[in-house]
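These are the residues of each chain, in order.
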Amino acid sequence: ESTGLYGKSSLRICDLGGALIKKISIDGIFSEGCAVYNSEIVQLSYKAGVAMVFTYPSLQKVREYAYHGEGWGLTHNGENFIMSNGSDTLYMRDSNFKIVKKLPVTYKGKPLVRLNELEWVDGRIYANVWYSDFIFDIDENTGHVERAIDCSHLSQSLPSLKEQDVLNGIAFNSQDQTFFITGKNWPITFCIRIPMP
């Protein structure tokens, strides 16, 4: 799990009950999304223009990749990293973090902006949009949104959320085909099932 804000950013491993197993602080950087691939974790930075690479599960930093622009969300489809930067375009990046493809995302024929957290599952990219309670199911080949999944009942069930405490965590559990859903400063993580298309 990646946490953000300057002076509070970290990379950590927790069990399914939320108990902390291991944590390292990320100094001087506002961390954003991360993705596990093989035996490594790649963690984005919001504005520093670097993706940090750590061993997994030891969390030892081994190298960095440079990129232009902001970093928001990150996932991996088994071949390439898929990265968001808050725009309507997703960026496919190779193992050296070089852009190999740009994927504009549309919903009902219009660009879908503020793409944020990402999770890839079987040719679909599940993305949230900043300040939205929906998860958007995107075809990774066309960029078209096939479904908008309403998760407002999750955030509404939590008391005392502030305006900025939005849904922004999506992870897939391949063992039982469920999704873990959480948000900024949410006290719990939900386990939900999304019917596959």
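Analysis parameters
- Residues numbered from 1 in each chain as written.
- Predicted model: local features only at pLDDT ≥ 70, side-chain atom pairs only at ≥ 80, totals over all residues.
- Heavy atoms only, no water.
- Helix = DSSP H or I, 4+ residues; strand = E, 2+ residues; numbered from the N terminus.
- Buried < 20%, exposed > 50% of the residue type's maximum accessible area, 1.4 Å probe, protein only.
- Pairing = 2+ DSSP bridges.
- Axes fitted to C-alpha atoms, helices over the stretch in contact; angles between N-to-C directions.
- Phe/Tyr/Trp six-rings, centres within 6.5 Å; stacked < 30°, edge-to-face > 60°.
- Salt bridge = Lys/Arg side-chain N within 4 Å of Asp/Glu carboxyl O.

K.L.:
Outline the environment of alanine 19, listing residues and values.
P.N.:
Among the structural elements, alanine 19 can be located in the loop between strand E2 (10-14) and strand E3 (20-25). For alanine 19, a relative accessible area of 38% puts it in the partly exposed group. Taking C-alpha positions, alanine 19 is 21 Å from aspartate 165, a pair spaced 146 residues apart along the chain.

K.L.:
Talk me through the sheet that holds strand E4 (residues 31-37); I want residue IDs and the actual numbers.
P.N.:
One open sheet holds the four strands; their spatial order is E4-E5-E6-E7, and the pairing between them is antiparallel. Strands at the two margins of the open sheet, each flanked by one partner only, are E4 and strand E7 (61-66). For this sheet, the mean angle separating the axes of adjacent strands, direction not counted, is 20°. Pairing analysis gives five bridges linking strand E6 (residues 50-55) to E7, with the strands arranged antiparallel. Across the sheet, valine 50 pairs through a bridge with alanine 66, a residue of E7.

K.L.:
For the packing of aromatic side chains, give the residues involved together with the corresponding values.
P.N.:
Counting across every chain of the model gives 13 aromatic pairs. Grouping aromatic residues by their ring pairs yields a cluster made of Tyr37, Tyr65, Tyr67, Phe81 and Phe97.

K.L.:
Break down the sheet that holds strand E17 (residues 145-150) for me, with residues and values.
P.N.:
Taken together, the four strands give an open sheet; going across it, the order is E14-E15-E16-E17, and neighbouring strands pair in antiparallel fashion. What marks the edges here is a single partner per strand, and that holds for strand E14 (115-121) and E17. Neighbour to neighbour, the strand axes of the sheet diverge by 25° on average, direction disregarded. Pairing analysis gives five bridges linking strand E15 (residues 124-129) to strand E16 (residues 134-139), with the strands arranged antiparallel. Counterpart to asparagine 128 in the pairing with E16 is isoleucine 135.

K.L.:
Describe the pattern of salt bridges, with residues and values.
P.N.:
A side chain of one charge can pair with a side chain of the opposite charge when the charged atoms of the two come close. Per the counting criterion, the structure on display carries five salt bridges. Notably, a salt bridge pairs glutamate 40 with arginine 63, separated by 2.8 Å at the nearest N-O pair. Taken together, the residues span a long stretch of sequence, with glutamate 40 in strand E5 (residues 40-45) and arginine 63 in strand E7 at a distance of 23 residues. On the basis of relative accessible area, glutamate 40 is assigned to the partly exposed category, the value being 21%. Across the salt bridge formed by lysine 61 and glutamate 64, the nearest N and O atoms sit 2.5 Å from each other. Relative accessible area serves as the criterion here: at 41%, glutamate 64 is assigned to the partly exposed category. Each of Arg124, Asp137 and Arg147 takes part in salt bridges that share partners, so that together they form one network.

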